[in-house]
Amino acid sequence: QVQLVESGGGLVQAGGSLRLSCAASGRTFSSYAMGWFRQAPGKEREFVAAISWHGAKLNADFVKGRFTISRDNAKDSVYLQMNSLKPEDTAVYYCTVGSRSYGEISRDPDAWYWGQGTQVTVSS
């Protein structure tokens, strides 16, 4: 059973930084894509960033160089470094792992297993 545990969320002022971490368990994840989605109040979940099993990265347009995704296969972990945060980045951030071994990155929420989420709040 796949389990994903996020950490690192919190309250930060606009312009600040946060680093989200996610520890995965239940299988070996080196052959799976890993990523992050978010959901703001009253909005649908949206893709943020993902990294494939071979290290290719895909970012949402709104990231614009502010966020960096990385992974550590030895620790079955994925990270999201978020800089220059804006109030519109306020959301619950979810760690995700792909549902297919050696699959490519998908923006479809249904193609991923989900963690419980961690709240990120950016004050103006």
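Please refer to the structure higher up on the page.
Residues numbered from 1 in each chain as written. Predicted model: local features only at pLDDT ≥ 70, side-chain atom pairs only at ≥ 80, totals over all residues. Heavy atoms only, no water.

Caption draft 1: The sheet that holds strand E3 (residues 18-25), seen in detail. Taken in spatial order, the 4 strands of this open sheet run E1-E3-E8-E7, and their pairing is antiparallel. The sheet is open, and its two edges are formed by strand E1 (3-7) and strand E7 (67-72), each paired on a single side. Going from strand to strand, the sheet's axes swing by 15 degrees on average, the running direction of each strand aside. In terms of strand pairing, E7 meets strand E8 (residues 77-82) through 6 bridges, oriented antiparallel. Pairing of Arg71 across the sheet is with Val78, part of E8. (Pairing = 2+ DSSP bridges. Helix = DSSP H or I, 4+ residues; strand = E, 2+ residues; numbered from the N terminus. Axes fitted to C-alpha atoms, helices over the stretch in contact; angles between N-to-C directions.)

Caption draft 2: View of the pairing of strand E5 (residues 46-51). Counted residue by residue, E5 has 5 buried out of 6 residues, so it is predominantly covered. When strand E4 (residues 34-39) meets E5, the two strands line up antiparallel, connected through 5 bridges. Bridged to Trp36 within E5 is Ala49. The antiparallel pairing of E4 with E5 creates a hairpin that spans 6 residues between the two strands, and Gly42 there sits at a positive phi of about 75 degrees. Relative to strand E6 (residues 57-59), E5 runs antiparallel, the two sharing 3 bridges. Its bridge partner being in E6, Ala49 is matched across the sheet by Asn59. From the end of E5 to the start of E6, which pair antiparallel, there are 5 residues, and Gly55 there has a positive phi angle of about 95 degrees. (Buried < 20%, exposed > 50% of the residue type's maximum accessible area, 1.4 Å probe, protein only.)

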